[in-house]
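Observations on chain architecture
Each chain is listed here by its residues.
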Amino acid sequence: MNPDACDPLAHTSMYQRAEEDSDDSDGEGGLGNVSRVIVRPPGHSGKAKRGHLCFDAAFETGNLGRVDLVGEFEYDLFLRPDTCNPRYRFWFNFTVDNVKQDQRVIFNIVNMNKNRNLFKDGMTPLVKSTSRPKWQRLPRCEVFYYKSPVHQNHYVLSFAFGFDKEDEVYQFALTFPYSYSKMQAYLNAVELKFPETFERSTLGMSIQNRKLELITFDDVKKPEKMDPKNVIHMVVILARIHPGESPASYVVQGLIEFLAAANQPISKALREHVVFKIVPMLNPDGVFLGNNRCNVIGHDLNRSWNKLSQYTHPTLSAVMKMLKEYDNSSCYQVDFVIDIHAHSSLTGTFIYGSTYDNVYRYERHLVFPKLFATKCEDFCQEHMMFNADDRKSGTARRNFVEALSDNVNTYTLEVSMCGYFLNGTNILTQYTEDGYMRIGRNLARTFLEYYRFTNILPIPPVDELRPRKGRPRTHRPRARSKTRSEVRVRPKTTRAYAPISYTDLSICYDSATSEDGSPVRYMYGHGNAGYAGFRMRPLIHQDQFSLSNIQAARFSNLDFSSDFRLKVPKAKGTVQEPKMPPIEMLNVPPKPHLTIIDFNQLTRGGLEEATSGKTIEREKEKIRRHTFKSSSRKA
């Protein structure tokens, strides 16, 4: 366990600090963070009383630069800028203690540098306390983001809070913190639990001599003779290049847990066919210091891939060296390089990609995002973007297109700091730690689908992926009887086509089309005019005319006692048929239309023949003959 892995709530106290505090943590106050600052009201001196709040951010990942008491219960909080770079001020993480029972306060964070962020769309800060260690979001009704005329029309984040316990230490943060020490403790635990599948090494050191961890999953059987057909496929995952984007670390943790599971069929299949290289924290110094975007010397590392230096960007140089070694190797083929980030102004999960002049390479580049979208219910296709912007040439996504071979697909995976909207609704679902880890597990499942799609992984039977549990004996099916019933042969009968009972069966096609591109269809419905009370009307929706919605009252005016048959010549020895009432012709649109077509007899290529005048007359003559024969039999 790293000695710096101290929970800030464990060592923050009113009158004394714990003896196990590290010198590095104490020294953070010199870099601008408040260290045990007690805010007293004006005119008060001496020992602090209950209710004089004590603020502290001198711990790992902490960030709070200054506190001003501007009212009886209102405080202005100033964020500390990134070290050696005053441009970036967005991440905050601090503790408050020495509170009074039921004390209510208002905190104003007044110097955020990003005006466009998710606080406009419902995101709220997180809070936890000593007895309630699980992070909770503040109610939305207590959080306000607005332009303040008191603060030179800058955007201010204000939230009201009530302290309910005196002996509690409360911690507030922008989003779920994930420190360098927490990563070290987690990797130690996974290494002890899965020693067979988990391989851990140090890829390099940061400027402040913190480890650049490299996690490897490799159970691929190495072939005796290497050739282009037997290359070993590799996936490289990078995360936490920006310190304030802590949700990326939870996504990586979910991916590591999924791949490390020894008895998981999907994980086992992936490890046996693909090598995974994971760098969980590219900027350990910035994470430890509580920066928002930069490293210890103020460089934005995700704008520095095109100007690497061993002295100012040692972690990036180590990763680039590893990528080029594997990319130039004849044994390995790097398929993916995915850089995981957290977005502060968009919701959902989405992917940024690149565009290529080669059409085939661009189409291959689109396959993985499409598969990933099917695995994530929180995937937002509207925010997905593919470009070749020169302003982004220093990012990993853009630089690797030129630095690595054409086989490598580089993406930026973005997850929201807030949440996602459910499909087709305006309901905002807030992310939790487990929600971010679920994205990592879905990422692994997408790799499985991709490598099956490209025939790298065999497709095992369903029973092997999901073994069926045996049912209890009480639920077992009964044995089938050995005796079989005799199957009777269906008697041979002649097939006769049913006559058409309508004199004019018309199908009209309007010029307009429906939403799916098909012509407007018509059906028969009840009306006051028309033949036998029927008229043509457009088909609005199929469900409206289902059997369950048809009422008998609609057909109450039909007289089925009448014998409506076509008029035929009188034959000798036959009974005079009753006269058919006059038929009122339908008002149908002009041609094209089909008249008296027996669709049961219509064959391929016979549409033109069926619509010709001779065919229509032939069909009428058949109907007259059939009617004449049936009337003769009755007579």
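An unreviewed UniProt entry lists the protein under the name Peptidase M14 domain-containing protein, with Anopheles culicifacies as the source organism. Taken verbatim from the UniProt record of the protein, the Cofactor (unreviewed entry) comment is "Zn(2+)".

With that settled, consider the packing of helix H4 (residues 247–260) against helix H5 (residues 265–273). Closest axis-to-axis distance for the H4/H5 pair is 7 Å, and the angle between their directions is 90°. The orientation of H4 with respect to H5, classified from their angle, is roughly perpendicular. Within the contact between the two elements, H4 uses Phe258, Leu259 and Ala260 and H5 uses Ile266, Ser267, Leu270 and Arg271. Its residues assigned to classes, the contact of H4 with H5 comprises 5 nonpolar, 1 polar and 1 charged.

This part takes up the state of the cysteines. By definition, a disulfide links two cysteine residues through a covalent bond between their sulfur atoms. Summed over the entire model, instances satisfying the criterion amount to 0 disulfides. The thiol of Cys294 is not disulfide-bonded; the next cysteine sulfur, from Cys84, is found 9.2 Å away.

Let us now look at H5. When H5 is considered as a whole, its buried residues turn out to be Ile266, Ser267, Leu270 and Arg271. All buried residues of H5 project into a common sector of 130° when viewed along the axis, lining one side. Measuring from the side-chain oxygen of the N-cap residue of H5 to the backbone nitrogen of Ile266 gives 2.9 Å; that N-cap residue is Gln264.

We now examine the confidence of the model for the protein. When pLDDT is averaged along the protein, the result is 79, and 67% of the positions lie at 70 or above. Per-residue pLDDT, averaged within each element of the protein, yields its smallest value for helix H2 (residues 23–27) (35) and its largest for strand E11 (residues 170–173) (98). Residue range residues 498–568 is modelled with pLDDT below 50. Its contacts to residues more than four positions away, or to other chains, number 93 contacts. Considering only residues more than four positions removed or in separate chains, one finds that residues 591–607, a stretch of pLDDT under 50, has 32 contacts.

To summarise the sheet geometry, strands pair through backbone hydrogen bonds and adopt either a parallel or an antiparallel arrangement. A sheet is described by the order of its strands in space; here 8 strands give the open sequence E12-E13-E15-E14-E16-E19-E17-E18, paired in mixed fashion. Looking at strand neighbours, the two that pair on one side only are strand E12 (199–205) and strand E18 (385–387), the edges of this open sheet. For this sheet, the mean inter-axis angle between neighbouring strands, taken without regard to orientation, is 20°. Where E12 lies against strand E13 (residues 211–217), 6 bridges are found, and the strand directions are antiparallel. Bridge pairing links Ser201 to Leu214 in E13. Lying on the sheet, helix H7 (residues 314–328) is in contact with E12, E13, strand E14 (232–239), strand E15 (274–279) and strand E16 (332–343); it crosses E12 at an angle near 120°.

Under the present numbering, the feature "active site" (unreviewed entry) in UniProt falls on Glu414. Judged by its relative accessible area of 8%, Glu414 is buried. Sequence-distant contacts of Glu414, defined by excluding residues within four places in its chain, comprise His341, Ala342, His343, Gly348, Thr349, Phe350 and Tyr352.

If you trace the backbone, Met385 turns up in strand E18. In contact with Met385, not counting residues within four places along its chain, are Ile351, Tyr352 and Gly353.

This brings us to the pairing of E16. The buried fraction of E16 is high, at 10 of 12 residues. With 8 bridges joining them, E14 and E16 adopt parallel strand pairing. Residue pairing in the sheet places Val236 in a bridge with Val337 of E16. Bridge count for E16 against strand E19 (residues 409–416) is 8 bridges, and the pairing is parallel. The residue of E19 that forms the bridge with Ala342 is Val415.

On to the packing of aromatic side chains, then. This structure, assessed with the given rule, holds 39 aromatic pairs. Taken together, a centroid distance of 4.9 Å and an interplanar angle of 65° make the contact between Phe163 and Tyr170 edge-to-face. Each member of the pair Phe163 and Tyr170 is classed as buried. Here the aromatic rings of Trp305 and Phe400 are separated by 5.0 Å at their centres, their planes lie at 70°, and the arrangement is edge-to-face.

What counts, and where the lines are drawn
- All residue numbers refer to position in the chain's written sequence, counted from 1.
- The predicted nature of this model means local features are confined to residues of pLDDT at least 70 and side-chain atom pairs, given and counted, to a pLDDT of 80 or more, with totals for whole chains, interfaces and linings taken over all residues.
- For side-chain calculations, the full set of non-hydrogen atoms in the structure is used, while hydrogens and water are omitted.
- UniProt positions are given in the numbering used here, feature names are shortened, and annotations may be inferred rather than shown by experiment.
- Note on definitions: angles span 0 to 180 degrees between N-to-C directions of axes, and those axes are lines fitted to C-alpha atoms, for helices only across the stretch in contact.
- Segments assigned H or I by DSSP are reported as helices when at least four residues long, segments assigned E as strands when at least two residues long, and all are numbered from the N terminus.
- Here the word oblique covers every angle except those under 35 degrees (roughly parallel), over 145 (roughly antiparallel) and from 65 to 115 (roughly perpendicular).
- Any pair of residues with heavy atoms lying within 4.5 Å of one another is described as a contacting pair.
- Following the grouping adopted for this structure description, the nonpolar residues are Ala, Val, Leu, Ile, Met, Phe, Trp, Tyr, Cys and Pro, the charged ones are Asp, Glu, Lys and Arg, and the polar ones are all others, Gly among them.
- Counting rule for disulfides: a pair of cysteine sulfur atoms within 2.5 Å.
- Categorising residues by exposure relies on relative accessible area from a 1.4 Å probe, with only protein chains included: less than 20% of the type maximum marks a residue as buried, more than 50% marks it as exposed, and the intermediate range marks it as partly exposed.
- Directions are taken from the helix axis to each C-beta atom, and the arc is the one they span.
- In protein, a polar contact means a hydrogen-donor-capable atom and an acceptor-capable atom, both N or O and within 3.5 Å, with residues adjacent in sequence counting only if both atoms are side-chain atoms; elsewhere, any N or O pair within 3.5 Å suffices.
- Scored from 0 to 100, pLDDT reflects the predictor's confidence in each residue.
- Strand pairing is assigned whenever DSSP identifies at least 2 bridges connecting the two strands.
- We call Phe, Tyr and Trp rings a pair once their centres come within 6.5 Å, taking the six-membered ring for Trp, and we label the pair stacked below 30 degrees between planes, edge-to-face above 60, and tilted otherwise.

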